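# Residue-level structural notes
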Amino acid sequence: MKLIFAVVNGDDSQAVSKALTKNGFFATKLASTGGFLSAGNTTFMICTDNEKVDRVIEIISKKSHKRKQFVPSASSYGVGAYTAFPVEVSVGGATIFVTDVERFEKV
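Residues numbered from 1 in each chain as written. Predicted model: local features only at pLDDT ≥ 70, side-chain atom pairs only at ≥ 80, totals over all residues. Heavy atoms only, no water.

### Section: the layout of surface pockets
- Here the second largest pocket is characterised by a volume of approximately 270 Å³.
- Lining the second largest pocket are 15 residues; nearest its centre among them are Phe26, Ile46, Cys47, Phe104 and Lys106.
- Elements supplying a minimum of two residues to the lining of the second largest pocket: strand S2 (27-33) and strand S3 (40-48).
- When residues in the lining of the second largest pocket are grouped by element, the largest group, four residues, is from S3. (1 Å grid on protein atoms, 1.4 Å probe; cavity = no way out; pocket = protein on both sides within 12 Å on 5 of 7 lines; lining within 4 Å. Points joined across faces, edges and corners; volume = space filled by probe spheres on them. Helix = DSSP H or I, 4+ residues; strand = E, 2+ residues; numbered from the N terminus.)

Below, the structure written as C-alpha cells:
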C-alpha cells in the first residue's frame with residue numbers, strides 16, 4: 001500500500017477530486033496554504049495499492065494545470081525609495097509525495 005499526498009492549486013481542486021472519484025479512488029481533502037504566494041491549495045491524501053500509484057499520478061497530472069500569474073514585487077532604487085512592479089511567476093500544477101503505508105484500516 002502507498003499513501004499519496006498531492007498538493008494541488010485551489011483552482012484545480014474540484015476537477016482533481018471529481019476525476020479521482022470517477023476513477024474509483026477515495027481521497028481525504030485538506031485545505032492548505034502555499035508558502036510562496038500564500039495561495040490556497042488543497043492537499044489530497046489517497047491510499048491505494050502499489051500498482052495503482054501511477055494511475056493516480058496520471059489523473060492528478062491531467063487535471064492540475066500550470067499557469068502564469070503576475071505578482072507584485074518591490075525593487076529598491078537607492079536609500080528608502082521603493083517601487084512595485086509586476087513579476088510573472090508560474091503557479092499551479094501539483095506537488096506529489098508517495099510514501100509506504102505500514103498499516104491501513106477503515107473502521
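### Remarks on the packing of helix H1 (residues 13-22) against helix H2 (residues 53-63)
- Running from amino to carboxyl end, H1 crosses H2 at an angle of 145°, the nearest separation of the two axes being 9 Å. H2 is crossed by H1, and the crossing has right-handed handedness. In contact with Ala15, Val16, Ala19 and Leu20 of H1, H2 contributes Val56, Ile59, Ile60 and Lys63.
- Residues of the contact of H1 with H2, tallied by class, amount to seven nonpolar, no polar and one charged. (Axes fitted to C-alpha atoms, helices over the stretch in contact; angles between N-to-C directions. Left-handed = near helix turned anticlockwise from the far one by under 90°. Contact = heavy atoms within 4.5 Å. Nonpolar A, V, L, I, M, F, W, Y, C, P; charged D, E, K, R; others polar.)

### Here's the deal with the nonpolar core
- Of all hydrophobic cores here, the largest spans 13 residues; its most connected members are Leu20, Phe44, Ile46, Val56 and Ile60.
- When contributions to this core are tallied by element, the ones reaching two or more residues are strand S1 (2-9), H1, S3 and H2.
- Here the element with the most residues in this core is H2; it accounts for four residues.
- Those residues in contact with isoleucine 60 that sit more than four places away from it in its chain are Ala6, Val8, Val16, Leu20, Ile46, Ala94 and Ile96. (Core = buried A, V, L, I, M, F, W, Y, C linked by side-chain atoms within 4.5 Å. Buried < 20%, exposed > 50% of the residue type's maximum accessible area, 1.4 Å probe, protein only.)

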